[in-house]
Amino acid sequence: MDIKGFIAARVARELKDGDVVNLGIGLPTLVTSYLPAGVNVILQSENGIIGTGPTPGPDQAEPLYITNAGGLPAAVGPGGAYVDSCVSFAFIRGGHVDCTVLGALEVDAEGNLANWIIPGKKVPGMGGAMDLVVGAKKVIVAMEHTAKGSHKILEKCSLPLTAVKCVHLIITEMGAIQVTDAGLVLTEYNPAYTLEQIQAATGAKLAISGDLRKMAGAEESA
Amino acid sequence: MPKPIGGKAAAALIPAGAVIMFGGFLGCGNPHRFIVELAELGTKDLTVICNDGALPNGPDGDEFYGVAKLIHNKQVKKLICTHVGTNPEVARQMNEGTLDVSLIPQGSFAEMIRAGGAGLGGVLTPTGYGTIVREASHVHSVVEIDGRHYLLERPLRADYAVVYGYKVDPFGNVWYKGTTRNFSPWMAMAADTVIVEAENLVGAGEIEPENIITPGVLVDYIMTGREV
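Everything in this summary refers to the structure shown in the same document. As the structure is a computational prediction, the values presented were derived from the model and not from experiment.

Helices and strands together make up the secondary structure of chain A, namely five helices and 15 strands. Taking 17 Å as the expected radius of gyration for a compact globule of 222 residues, we find that chain A reaches 17 Å, a close match to that expectation. Its C-alpha atoms put chain A at 50 × 40 × 30 Å along the principal axes. Of the contacts formed within chain A by residues at least 6 apart in sequence, a portion of 64% connects residues at least 24 apart. For chain A, the accessible area works out to roughly 9,500 Å², and carbon and sulfur atoms hold 54% of it. Charged side chains of chain A number 16 positive and 22 negative; the gap between the two group centres comes to 5 Å.

Here it is in structure tokens:
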């Protein structure tokens, strides 16, 4: 399993049967491939699907009429609904989404998140991200621990924020980190790395949980 | 009753400098035939209110999908949207200084359009609080209610809204298919003149009254794609 698949598989274990979930573009979309048996989630796509089904094959796809938030062909699953953008975001902002999983440029010890702009370099826009992280009951950042060695988990974000104090859990190839009022707490580690290596790859002080465990699924990759 | 209108005549309604809303999300639900006609006319200095800058290529590989045609054609001077990362031409024109882009969080964008059509003075949302969105001109102020902070966002309106309906009856009633609906029902309430591009013109009563999403009284023109 590659790093992205490994991270996605660990994120999948956070989801409960029946959760309404919004997955960001990229790595987070891999999460559905790793859901444990018996766990079915209701995928919400902010462009207007509640209950997205499996990706349609070329014969069934209707790309002019039905796409997901990444612009790719999609379809509702059984019991799913198409809604307008105000309903979609009332869903998101109103706390009807149990969990959102998204990537980050930076995340910090207070749970602040930056993932939508690098001033002067890249201005893709926030799309639905600001609403998702403010409205979802649980916000999981799923990403590689560093950007080719430079810290992404910091004491304080330096890039413009997506939202303040919104992240609950950070999952990387090195471990799982909970954001608490007292800062970041490492609750799981990948035994392929030492605790010193994990701390060195992190730009904020990591407290070690009294109940520190090996990362679920780490044995296969280590 | 809305007036039936052909594609060329519909595009000709739009003057240079107009503020125009387009339904659609990454091209899905853009009024594609209308946009082709408007690109053909070359009407300049448009302010476009649309979720995004669409895509450089459509699902069939066609060049410049949806509103991307108008952007590549340099007809847009201002784009009010939520996301432009999928169309590199937007960044190019921004850097060149020829395209002004105003980015709004997507849920706020939707509600601001709703407020514009619903007679509301603004939208109070927790989204964007504590971020640089606060500095944008669409934000009126920060409001604190019972200990929680909100941005007070201004309503959004336009001179024209152009939406794409899969089924449209002679009264202008609209049914949207799949995810083409997105912002369109609310844009149809938030503009002075509303044009619906009909994919299929259906007979009166063929859309069940309970399933009408945009009531025809909101619609001024039904664009059929045929000169009528």
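Residues and elements named next belong to chain A. Burial along strand β5 (residues 99–102) is two-sided: Cys99 and Val101 facing one way and Thr100 and Leu102 facing the other are all buried. One ladder, built from three bridges, connects strand β1 (residues 20–23) with β5; its direction is parallel. Each bridged residue has a counterpart across the sheet, and for valine 21 the counterpart in β5 is cysteine 99. Both β5 and strand β8 (residues 138–142) contribute to a ladder of four bridges, which runs parallel. Bridge pairing in β8 places leucine 102 opposite valine 141.

Take the sheet that holds strand β10 (residues 148–153) of chain B next. All names here are of chain B. Pairing is antiparallel across the open sheet formed by three strands, whose spatial order is β8-β10-β9. Only two strands of the sheet have a single partner each, and these edge strands are β8 (123–125) and β9 (139–145). The sheet shows a mean angle of 30 degrees between the axes of neighbouring strands, taken without regard to direction. Where β8 meets β10, three bridges bridge the pair, whose relative direction is antiparallel. Opposite leucine 124, over in β10, you have leucine 152 as the bridge partner. Relative to the sheet, helix α5 (residues 106–118) contacts β8 and β10, its axis offset from that of β8 by approximately 160 degrees.

This part is about α5(B). Residues and elements named next belong to chain B. Between its first and last C-alpha, α5 extends 18 Å over 13 residues, near the 18 Å set by a 1.5 Å rise per residue. Within α5, ten of the 13 residues are buried, which leaves the element mostly enclosed by the surrounding structure. Looking one or two places after α5, you find glycine 119, whose phi comes out positive at around 75 degrees.

Right, let's get into the interface of chain B and chain A. Every contact between the two is made by 42 residues of chain B and, on the other side, 35 residues of chain A. Contact with chain A buries surface across chain B, with Phe25(B), Gln106(B) and Thr179(B) losing the most and accounting together for 16% of the total. If you look at where chain B meets chain A, you find one salt bridge. The closest approach of N and O atoms between Lys177(B) and Glu62(A), which form a salt bridge, is 3.5 Å.

About the thresholds
- Residues numbered from 1 in each chain as written.
- Chains lettered and ligands numbered in written order.
- Predicted model: local features only at pLDDT ≥ 70, side-chain atom pairs only at ≥ 80, totals over all residues.
- Heavy atoms only, no water.
- Helix = DSSP H or I, 4+ residues; strand = E, 2+ residues; numbered from the N terminus.
- Rg over C-alpha atoms; globule rule 2.2 N^0.38 Å.
- Contact = heavy atoms within 4.5 Å.
- Areas by Shrake-Rupley, 256 points an atom, 1.4 Å probe, with all protein chains shown as cover.
- Lys, Arg positive; Asp, Glu negative; His and termini not counted.
- Charge placed at Lys NZ, Arg CZ, Asp CG, Glu CD.
- Buried < 20%, exposed > 50% of the residue type's maximum accessible area, 1.4 Å probe, protein only.
- Pairing = 2+ DSSP bridges.
- Axes fitted to C-alpha atoms, helices over the stretch in contact; angles between N-to-C directions.
- Expected span 1.5 Å × (residues − 1).
- Buried area = accessible area lost by both parts, 1.4 Å probe.
- Salt bridge = Lys/Arg side-chain N within 4 Å of Asp/Glu carboxyl O.

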